[in-house]
Amino acid sequence: MKFHLAINLERMSEDTPITTVRDHTLEMVKMADQAGFEVAWAAEHHALEMTIAPNPFQIMTWWADHTENIRLGCGVANATYWHPINLAGEAAMVDLLSGGRLELGLGSGAYQREFDRMKPGVIQKDGHKYLQEMLPLVRELWKGDVTHNGAHWQFPAATSCPKPLQDTVPMWVAARSPGTFDYAVANDCNVMCWPFTLPMAEAEKYKQQLDESIAAAGGSWSGTFALMRHTALYDNDADRQVTLDAVRRVLGRFGNLMMQKGEVVNGFPEEVPLSALEGNVRVDPDMLEENLMLGTPEQVIAKLKAYEALGVDSFIYYASMGLDMDRQKRSMDLFINHVMPEFA
């Protein structure tokens, strides 16, 4: 099993200097690079302090300048918000400046709130239509001149400038629905999944959907199946409690965005009261500890071995969950020194 890092420039309060967030994020990526993580993933989100990522390609270029070996992943760009020529060129520039370390992930978006601001009139559930037009078009633009007259974009002959250094850039699709798995497999893309806070059964469902898509395509797929979980390691009761409290606070804000409840003030989502979410496995502390990659190094090793047995090729360590920066680094250190050697 290989390991990836997903981390955001995450600011939970105006009291935290943005420069401190910047420095912490880079330090975590450098730790991952030195420890042998395969990919560092940058997201795309807009007008949200808890995920400051208006341009993932800019973030990846920054990380590239401070790392040696780790690959730089766009995880993921929302196809709806981009023009294909723009996206192809931005992505290829990352590959050029990083010495050929680009991993390009595309998705169909998460929050209707963002669509209402970035692409008014488009509903989030239609984002997959933009993804399916964008992905093959980017590949064609990387080859040379393309004339396009599609449903969402039309342009005369144009190409990507620059072209990627890599002969073949690894492409990723963020998948949850059966149709998205079908599309990823048919287009020879790697697959990344995020079961949010749901139980292991959700990951098993994704693997089954992937296997069904591979079978429907004739059994030929050589891609990578990656799975992401919020991750935090601890070795004492105090850190355990602080971690669970931080996760629940983040979920209150995440619930705001997903359910479109509450306000977002100056980029900070108000928390949905946890009382409104009681009975939901997303917030129950015992269920969170069971479902997420939380625990002692020994507990985390056991969980990872279960994912490995399921057929997960790469585990994405999602570090951004409102936990204070010192504990984030301590968790990363425990993972690097006590968990990764078990999978060497």
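Scroll up to find the structure this text is about.
Structural notes, computed from the coordinates. (Residues numbered from 1 in each chain as written. Predicted model: local features only at pLDDT ≥ 70, side-chain atom pairs only at ≥ 80, totals over all residues. Heavy atoms only, no water.)

## Let's talk about the packing of helix α10 (residues 297-310) against helix α11 (residues 325-339)
Our working rule: Simply put, an axis is a line fit to the C-alpha atoms, just over the touching stretch for a helix, and the angle between two N-to-C directions goes from 0 to 180 degrees. Helix and strand assignments come from DSSP, with helices taken as H or I runs of at least 4 residues and strands as E runs of at least 2, each series counted from the N terminus. Orientation is classified from the angle alone, with under 35 degrees giving roughly parallel, over 145 giving roughly antiparallel, 65 to 115 giving roughly perpendicular, and any other angle giving oblique. Two helices crossing with the near one rotated counterclockwise from the far one by less than a right angle form a left-handed crossing, whereas a clockwise rotation gives a right-handed crossing. Should any heavy atoms of two residues lie within 4.5 Å, those residues are counted as being in contact. Amino acids outside the nonpolar list (Ala, Val, Leu, Ile, Met, Phe, Trp, Tyr, Cys, Pro) and the charged list (Asp, Glu, Lys, Arg) are all regarded as polar, and Gly is one of them.
Following both chains from N to C, one finds α10 and α11 inclined at 70°, their axes separated by 10 Å at the closest point. Here α11 runs roughly perpendicular to α10, going by the angle between their axes. Considering the relative orientation of α10 and α11, their crossing is right-handed. Within the contact between the two elements, α10 uses P297, V300, I301 and L304 and α11 uses L334, F335, H338 and V339. Residue composition of the contact of α10 with α11, by class: seven nonpolar, one polar and no charged.

## Some words on the nonpolar core
How we decide: Only buried residues count toward a nonpolar core. Its members are Ala, Val, Leu, Ile, Met, Phe, Trp, Tyr and Cys residues joined through side-chain atoms within 4.5 Å. Relative accessibility thresholds used throughout: buried, under 20% of the residue-type maximum; exposed, over 50%; partly exposed, between the two (1.4 Å probe, protein chains only).
Core analysis: the biggest nonpolar cluster contains 84 residues, and L5, F37, F57, L104, L304 and F335 have the highest contact counts within it. With eight residues, helix α5 (residues 127-143) is the single largest residue contributor to this core. Residues Y234, V247, L251 and L294 belong to the second largest nonpolar core, which totals twelve residues.

## Thoughts on the environment of E308
By the element assignment, E308 lies in helix α10. Remark: the alpha-carbon pair of E308 and F343, spanning 35 residues in sequence, is separated by 9.8 Å. Residues contacting E308, with those up to four places away along its chain left out, are M1 and F343.

## A few points about the side chain of D239
By the secondary structure assignment, D239 is in helix α8 (residues 237-259). Look past the residues within four positions of D239 in its chain and what remains in contact with it is Y234, R327 and R330.

Without other data, these values stay purely geometric and don't point to any function.
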